[in-house]
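# Structural overview
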Amino acid sequence: MTTAQATEQAHQRREARDTRQDARQDARQDKRQCVVSNDKSNHECRQDKRQDKQDGRQEARDIKY
């Protein structure tokens with residue numbers, strides 16, 4: 001592995017980590033809004049949060065691999 005490859009991998013890992021962190025933060029905010037607006041049951045709000053986080057993880061995988 002060359003230095004350039006290692007640097008590129010580090011960049012991809014960092015970008016993937018940032019993507020996951022952003023997805024988690026967005027999911028938290030969306031759940032708070034969901035609970036406050038009382039549009040859905042708590043169960044549905046939790047499911048939405050889980051799906052948002054899963055989508056963020058998948059996006060991070062796409063970046064890394």
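Our subject is the structure listed above.
Quick look at the structure, then. Treat the numbers as computed from the prediction; the structure is a model and nothing was measured. (Residues numbered from 1 in each chain as written. Predicted model: local features only at pLDDT ≥ 70, side-chain atom pairs only at ≥ 80, totals over all residues. Heavy atoms only, no water.)

## Looking at the overall build of the protein chain
The helix and strand inventory of the protein chain stands at two helices and zero strands. The C-alpha atoms of the protein chain give 16 Å as radius of gyration, which overshoots the globular expectation for 65 residues (11 Å, by more than 25%). A burial count over the protein chain gives 12% of its 65 residues as buried. Taking the intrachain contacts of the protein chain between residues at least 6 apart in sequence as the baseline, contacts between residues at least 24 apart amount to 58%. Summed over all atoms, the accessible surface of the protein chain reaches about 5100 Å², with 42% contributed by carbon and sulfur. The distance from the centre of the 16 positive side-chain charges to the centre of the 13 negative ones in the protein chain is 8 Å. (Helix = DSSP H or I, 4+ residues; strand = E, 2+ residues; numbered from the N terminus. Rg over C-alpha atoms; globule rule 2.2 N^0.38 Å. Buried < 20%, exposed > 50% of the residue type's maximum accessible area, 1.4 Å probe, protein only. Contact = heavy atoms within 4.5 Å. Areas by Shrake-Rupley, 256 points an atom, 1.4 Å probe, with all protein chains shown as cover. Lys, Arg positive; Asp, Glu negative; His and termini not counted. Charge placed at Lys NZ, Arg CZ, Asp CG, Glu CD.)

## Quick look at the pattern of salt bridges
Within the structure shown, the criterion is met by two salt bridges. For the salt bridge of Asp18 with Arg17, the shortest nitrogen-to-oxygen distance reads 3.8 Å. In this structure, the salt-bridge partner of Lys40 is Asp48, at a minimum N-O distance of 2.4 Å. A relative accessible area of 30% means that Asp48 is categorised as partly exposed. (Salt bridge = Lys/Arg side-chain N within 4 Å of Asp/Glu carboxyl O.)

## Section: unusual backbone geometry
If you check the backbone angles, Asn38 has positive phi at about 60° while not being a glycine. Considering the arrangement of structural elements, one finds Asn38 in the loop between α1 (3–37) and α2 (42–64).

## Describing the packing of α1 against α2
At their nearest, the axes of α1 and α2 sit 8 Å apart, and the two run at 165° to each other. If you check the angle between α1 and α2, you find them roughly antiparallel. When the axes of α1 and α2 are compared, the crossing they make is right-handed. Broken down by class, the residue content of the contact of α1 with α2 amounts to eight nonpolar, four polar and 14 charged. (Axes fitted to C-alpha atoms, helices over the stretch in contact; angles between N-to-C directions. Parallel < 35°, antiparallel > 145°, perpendicular 65-115°, else oblique. Left-handed = near helix turned anticlockwise from the far one by under 90°. Nonpolar A, V, L, I, M, F, W, Y, C, P; charged D, E, K, R; others polar.)

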